[in-house]
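Working through the structure, step by step
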Amino acid sequence: MGVLAVLRRVRAYGGHFLLLAVLTLVTALLVTGVPRIADRLSGQGLREQFGDLPGPQRDVLYTRPAELQTGTSEVTAGQRAGLDSLLAGMPAPVREVVGERWYTAETEFGRLKGPELTPDKGLIDLSLRTMTGLREAATLVDGRWPGEAAQRAAPVETALAEPVARQLGLRAGSRLRLALRTPDGQDLAATSVAVVGLFRPVDPEGGAWDGLPSALRLTPPVGDGQPFQMVGMTDDAGFDDRAAAGWAVRFSWRYRVDPGRLTPVRLDTLVDGIAQLDRERPAGLLLSQGVDIPLRQYADSLAAARTLLTVVAAGVLATLAGLTVLAARLAVHRRRDEYLLLRARGGSTTAVVRRGLAESLLVVPAAAVAGWLLGGLLPADPLGAGTPGAANGLAVAAGVLATLALPVAVLTGRRAGGGRRDLLRVGSGAGRLTVEVTVVGLAALAAFLLRRRGLALGDEVDPLLVSVPVLLAVAAALLALRAYPWPSRLFSRLAARARGAVAFLGTARAGRAGVAAPLVVVVLAIATAAFCGVVAAGISDGRDRAVTRTVPADALVSGDRFAPDTATELAGLPGVRAVTPVLATPGQRLLADADGRPGGAGEAYVLLVEPAGFADVARRSGLDLAVPGALRADGDVATALPALVSPDFAAALADAQLADEAGRRPGWVDVQGNRLPFRVAGTAAEFPLIPAGTGRFLVLPWPELPADGPHSLAPTGFLLAAGTVDPAALGRVAEEGQTRYQTSGTVTGGKRPLPPQVTTWAAERERLGGSGVNGLLVFGFAAGAAGGGLLGLLALAFAVLAGARGRGQVLSRLRTMGLSRRQWRGLLLVELTPLVVVSVLTGAVVGALLPVLLNPVLGLSAFTGGAPVTVRFEPGLVAGVLGLALLALAFAVAVEAVNNRRMRLGEVLRLGEES
């Protein structure tokens, strides 16, 4: 019978319990499902970012240096077995993520000769290589593989890549002679080599072909008179033959980390395991790997992202907790007469609380379980462990607290009598004042401690970080409540002098409205949404500045040295609006005079730009980038060029006495054989095109060299203002200009430069903002902004409903006295506008100030490539706040109108004076 009575009461007040159940379900869903989604997004970002790296950067490579083999004629058998033994000796976290692996053995280079290798083809050196997985990674197009015939064609059989063989005029069946070369040109350990097959790689980009030098192409000479280098694939017998003949051989074992096996959960143990590899490296082997750097970078950005999202989650969960309390209070308020009657009939406080607990137990735990089950259905990281245990614990805690919300509200909301509760006085209650002072003091103390000690980034939730945003939002709401009645009463006095009763009654009721708890929740929700918007805008702006520092134009062409007419060729391409040259020379030593005596100031990164052209290209590219006036100062190579230097280098120059306090005494720098005098005209902490982390740099304006200057300056890059220019066309023209410089007669021979690189601003911006933890950030900011806005509107609805009965009585009486429907809407609008404006604006201000306070400890630069994030009040936020305020006001009026339609005029008048 007791259960049936509880069921009847739940059914009678089904709307209130449905609201409690929905809030509990949403809370359990969020605390269970959001961690699963966050783990999936972070794992996906890790695998995508690591998978985009070049293959060699994902390799762990063991090498045994080239040496002569003695004491055995079969050197490959034992070394090949090391592929398994080295893997078995790796730490378990590293061994679990290894995908492909290769064993390679190579001989030193020998001079190759043959009938097809005519003198016009240049000198050719050959290295013999044997490797695992060759027949799976390549397809024969002619002949056979080495070692397949019953009788060997020669002491050494080899297979060549088809492009290499065609380029040299070789074919299956070609007979060559291979010999070591002494310094005086004598041949040693000569042998015959038979080309028995030609192959084509299945995937030229596959990891099997990442060894250097490449087996798929001829390696160009490094200088005049130097040979081309090529690699021929052989079998174990051919390799052992050369090792036994006294050729030095080198072995390598390469293990590639598979991005598909990486998971953020084991990221720290993997980094530690890679560090352990070097400490436990077998004797006689060298270890090289670049795996730990991207993993550490991702771990840092992931820790910062989780810390940032903790702030957002704390705001959303605190808002949901506040809404649950408001829903419980509203339910108790609507049933206050029932509880008073129970007490009047002799019911104890325990009995009343027990009744509320029984009703809550019938609804809320089931909603919590439903939310937990729904959260478990959301997609998680396929390599993770499912729902984290902490999330399950939070779901249980959320269910327990939501279940206790109604009985606690019954206990705290018990009042013995009636009376008006719509009078909000500044000095009302010493208890309330004590609570407010305590909350404000705790918020200030927590913010001070957080700024002082910093933040502990990692998987553990920082309680101080979680509490600071919530405490600050609550403190701001309480201060707003204290200040809220004063302007309302002032406007009420002014309205009393005007004609009409609508403005006076509306402002008078607004000044007496008791909306403390709902206003706090509204401020907390709006602050969370504003925080997400401000931080997202700050990160986006920081990424723009980071990319602009790297590529201060629509496109950047960089290389070795270019012919002077390359700029004209680039400017002639379709879509190019402006071109300006740049010259970068890292590690240049400063001189004391034109005679080349060292100046004692050390080395610096030297950059030459054309100030006017630099500014014009940036402007045409739509970038907000100004050239410092120091570079535009007068100066020439006959006196001294104005220089913009870093603070560290300016101090070094002063210590070396190359410049006096006014910067008038010149120093000298050698740029491409030209000794240029300079004077310090200004300092700057950074400058576009200067690599991040460069402590010493020197920026000079492009000088006009005298006619008898020793050398003309050759640019090492170009900045272009271009619309839809084809990067491939830019690269082709740039490579032609680089080749013209190398073969112009001014400078010939030397090491062949790498092909020029073309980097566009748009591509670099997409790379920086489209990988790593960006998906996790976008999800967190979108969920926080949308959730904060929706929950803020819901809290505002509670604020409206809390005083709806009292407003209904007043409006009903005024309607009987002749108040028109239009005046009624105006009265409602005047009464609700101060509430909406104060709550939304207070939340927006708190949300905008929170990033400013927390910026030094959030580590936001991890999302911008190291560029500092400047958080500021964006104009778009003002428009968003105003739009949200109008939406909130319209929503509040709609809620009030719907609520009033549910009550007839006579019914409202018979409800009594409770409010």
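Residues numbered from 1 in each chain as written. Predicted model: local features only at pLDDT ≥ 70, side-chain atom pairs only at ≥ 80, totals over all residues. Heavy atoms only, no water.

With respect to the element layout, Leu378 can be found in the loop between helix H12 (349–377) and helix H13 (389–412). Each C-alpha atom of the pair Leu378 and Pro35 lies 9.8 Å from the other, and the pair is 343 residues apart in sequence. With sequence-adjacent residues up to four places away left out, Leu378 is seen in contact with Leu29, Gly33, Arg36 and Ile37. (Helix = DSSP H or I, 4+ residues; strand = E, 2+ residues; numbered from the N terminus. Contact = heavy atoms within 4.5 Å.)

With that settled, consider the confidence of the model for the chain. Reading fine detail from the predicted coordinates is not recommended where pLDDT is low. Per-residue confidence for the chain gives a mean pLDDT of 81, with 82% of residues at or over 70. Mean pLDDT across the elements of the chain bottoms out in helix H28 (residues 905–909) (49) and peaks in strand S6 (residues 156–161) (94). For residues 746–750, every residue scores under 50 in pLDDT, and the model assigns this stretch 7 contacts once sequence neighbours within four places are set aside. Contacts of residues 910–915 to residues separated by more than four positions or lying in other chains number 13 contacts, the stretch itself having pLDDT below 50. (pLDDT = per-residue confidence, 0-100.)

Right, let's talk about the packing of aromatic side chains for a bit. Tallied over the entire structure, the rule returns 9 aromatic pairs. Judged by centre distance (6.4 Å) and plane angle (25 degrees), the ring pair of Phe251 and Trp253 falls under stacked. Residue Phe251 shares its accessibility class with Trp253, and that shared class is buried. What links up through ring pairs into an aromatic cluster is the set Tyr103, Phe239, Phe251 and Trp253. (Phe/Tyr/Trp six-rings, centres within 6.5 Å; stacked < 30°, edge-to-face > 60°. Buried < 20%, exposed > 50% of the residue type's maximum accessible area, 1.4 Å probe, protein only.)

Here we take up the side chain of Thr132. Structurally, Thr132 can be placed in the loop between strand S4 (124–131) and helix H6 (134–137). Under the relative-accessibility criterion, Thr132 is labelled buried at 15%. In terms of polar contacts, Thr132 uses its side chain to reach the backbone amide nitrogen of Tyr103, at 3.0 Å. (Polar contact = N/O pair within 3.5 Å; in protein donor to acceptor, adjacent residues only side chain to side chain.)

By the criterion of burial, strand S15 (residues 641–645) is predominantly enclosed, with 5 of the 5 residues buried. With burial as the criterion, each face of S15 is covered, one bearing Leu641, Ala643 and Val645 and the other bearing Pro642 and Leu644. Sheet analysis places S15 next to strand S17 (residues 674–683), joined by 5 bridges and oriented parallel. Paired with Leu644 across the strands is Gly682, a residue of S17. The pairing of S15 with strand S18 (residues 697–701) spans 2 bridges and is classified as antiparallel. The partner of Val645 across the bridge, within S18, is Leu698. (Pairing = 2+ DSSP bridges.)

Assignment of secondary structure puts Glu106 in strand S2 (residues 98–107). For the pair Glu106 and Ser252, spaced 146 residues apart in sequence, the C-alpha separation works out to 8.6 Å. Excluding its chain neighbours within four sequence positions, the residues that come into contact with Glu106 are Ser127, Leu128, Arg129, Leu212, Pro213, Phe239, Ala248, Val249 and Arg250. A polar contact of 2.4 Å, which involves the side chain of Glu106, links it to the side chain of Arg129. Polar contacts involving the side chain of Glu106 include one to the side chain of Arg250, which spans 2.2 Å.

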